[in-house]
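Structure at a glance
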Amino acid sequence: MGYSSVRGGMDAIEHAETLIAAQVTDSDHPVALPQVTDHVELLLDQVMGEGGVYDLDLGALAVKQAEGDPIEAGFLLRAYRTTLPRVGYSFPSSGRQMRILRRVSSAFRDIPGGQVLGRTRDYTQRLLDFTLRDTPPKTPAPIGDIDALPSGAAPEEFPLVIDTLRADGLMHEAPRRTSDDEPFDVTREPLRFPSTRAARLQVLARGETGAMLSLAYAGMRGYGGAHGYIAELRYGDLPVQISHPITGGPVRIGWVPVTECYQVVGGDEGAQHTHDGTEDHEHVQGENPEYVVSYGIVVGRNERKAISMSILDGSLKKATKSGAAIEDEEYVMYHIDSIEAMGFVEHLKLPHYVDFVASVQRTSKVRELVAAARRG
Amino acid sequence: MNREQRLEAMAAADAAAIVALADDVLETFEVEVTRGPTVGLLMVRVEEPADRLPFNFTEVTVAEAEVAAGEHRGYAMVMGKSMEHALAAAVLDAAVAAEHPLCDRIDAFLDEAVRADERRWAQRWAEVARTRVQFEDVT
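Residues numbered from 1 in each chain as written. Chains lettered and ligands numbered in written order. Predicted model: local features only at pLDDT ≥ 70, side-chain atom pairs only at ≥ 80, totals over all residues.

**Considering the sheet that holds strand S3 (residues 99-104) of chain A**
All names here are of chain A. Strand order in the open sheet formed by four strands is S3-S4-S5-S8, with antiparallel pairing between adjacent strands. Two strands close off the open sheet at either side, each with one partner strand: S3 and strand S8 (291-299). For this sheet, the mean inter-axis angle between neighbouring strands, taken without regard to orientation, is 25°. Sheet topology note: the strand S4 (residues 229-243)/strand S5 (residues 250-266) ladder contains 14 bridges and is antiparallel. (Pairing = 2+ DSSP bridges. Helix = DSSP H or I, 4+ residues; strand = E, 2+ residues; numbered from the N terminus. Axes fitted to C-alpha atoms, helices over the stretch in contact; angles between N-to-C directions.)

**Considerations on the pairing of S4 of chain A**
All names here are of chain A. Summarising burial for S4: 12 of the 15 residues are buried, a large majority. Pairing of S3 with S4 involves five bridges; the strand directions are antiparallel. Residue pairing for S4: arginine 99 is matched across the bridge by aspartate 237. (Buried ≥ 20, exposed ≤ 12 C-beta atoms within 10 Å, placed from the backbone.)

**Describing the confidence of the model for chain A**
All names here are of chain A. Mean pLDDT over chain A stands at 88; residues scoring 70 or higher make up 89%. In the model of chain A, strand S7 (residues 279-280) stands out as the element of lowest mean pLDDT, 44, in contrast to strand S1 (residues 53-54), which has the highest, 98. Low confidence marks residues 271-284, where pLDDT is under 50. Its contacts with residues over four positions away, or in another chain, come to 33 contacts. (pLDDT = per-residue confidence, 0-100. Contact = placed C-beta atoms within 7 Å.)

**Looking at unusual backbone geometry**
Between phenylalanine 193 of chain A and proline 194 of chain A the backbone carries a cis peptide bond, its omega angle lying at 0°. Although it is not a glycine, arginine 52 of chain B sits at a positive phi angle of roughly 55°. Counting through the fold element by element, arginine 52 of chain B comes out in the loop between strand S1 (32-48) and strand S2 (53-69).

**Overview of helix H3 (residues 41-51) of chain A**
Residue and element names in this part refer to chain A. Buried residues dominate H3, accounting for eight of its 11 residues. Listed as buried for H3 are Leu44, Asp45, Gln46, Val47, Met48, Gly49, Glu50 and Gly51. Downstream of H3 by one or two residues, glycine 52 has phi in the positive range, about 80°.

**Quick look at the interface of chain A and chain B**
Contacts between the two partners involve 71 residues from chain A and, on the opposite side, 50 residues from chain B. For the side of chain A that touches chain B, the secondary structure elements donating two or more residues are S1, strand S2 (86-89), S3, helix H7 (197-205), S4, S5 and S8 of chain A. The element that contributes the greatest number of residues to the side of chain A that touches chain B is S5 of chain A, accounting for seven residues. A per-class count over the side of chain A that touches chain B returns 40 nonpolar, 18 polar and 13 charged. (Nonpolar A, V, L, I, M, F, W, Y, C, P; charged D, E, K, R; others polar.)

The structure is reproduced here in structure tokens:
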């Protein structure tokens, strides 16, 4: 073993790359992209969300090429997106425009439009289904009578639950119109701190699911942060609207599937205990305590991340900080980005020969000096 | 169907079918491609609900094209990477603007594209409709 810088290894690297390519393609049962879109949908949604690009075909390709590694697949998407021009920005879409396929509230039992469970694993037992090893017969979907559908599928049948709180005076009214502020774009400009809320929401929407879950969980266990009740958790399609370049009018060119979480925090439970026993009095507002809403939205079906995002959004919005890490925007925003985190941690396995030989030389020199001092 | 509705219908239409229709139109209709067709990224913005603050949510791939037929313009942007779909839609847009003889056929095609899109959505809603919760009070 020599502590010196080296060169070479290209032949080994090329063979290693061949091996990884073979892993993806050599099989009696090669994965076709529709299999990814049809059967690995949750992984695909996570990858597209963290990669910051919604495209089923590209996402499925990234999942296949990365052997199912969501962070590697997200990295592939982010790298690819840099090769495409930005053609513009959509009009801001609102959850009010969502075509609902799932919608539950843990704050209210009866909500306008009702609760729609949709496709959920929430009530299933976690038992391996060995019939799936083979090709089981298709399970028919519980389809109702399409011709007898209520106006039901229309977004206006499902008003936001937070509007109920607003109507009761328990939450401040929303502004009459969308803010004119041009939102910060983290894909175009480097982050600066303190950041804007728009930048925070963008970073959270692109954040790594596991990292966000971990931070949100830490907050719920008392290490700072803010969480309350889920007024509404929704899944459905959000319209993508552009300005028609000839007429200037709004045009919907398609839909993006998203999961949204509206979490309400505050009320008379505004004094939240932190892990060191202190209380956060931010939401205790004199004689008229109010609720505030924290927001989470993610690409596709990813409720874990949407809920975590709403917790982190609420934590970062707090005016009175407890000093906890998850209330520190720099801590949260830098550490939930999967590509940054993966790159920094995994770079440790790459050659650091020069660094380490310098370290060894310093250590040897210190030892020599100490030995010489002892000899007098 | 106004111009915005036309683009919505063309964006929802089946790519192969709209390309086939545009090919038929182009047999008697000359256009100049003035933009693209290109594939790029559209940043989708979302409005946060408390302060109605817009933010950049995610990018989506889009294909975009614009054509000119004399004084008439045709434009299309569709989600995904099908430049053929975008170009065909731009051709049809210009053809309708220019009152091409195949306008009735184009209108019928777009009407059917809208109905097909509504049927697809109705089917998806029908699959979840029976998961709507009916709470019962137990006294």
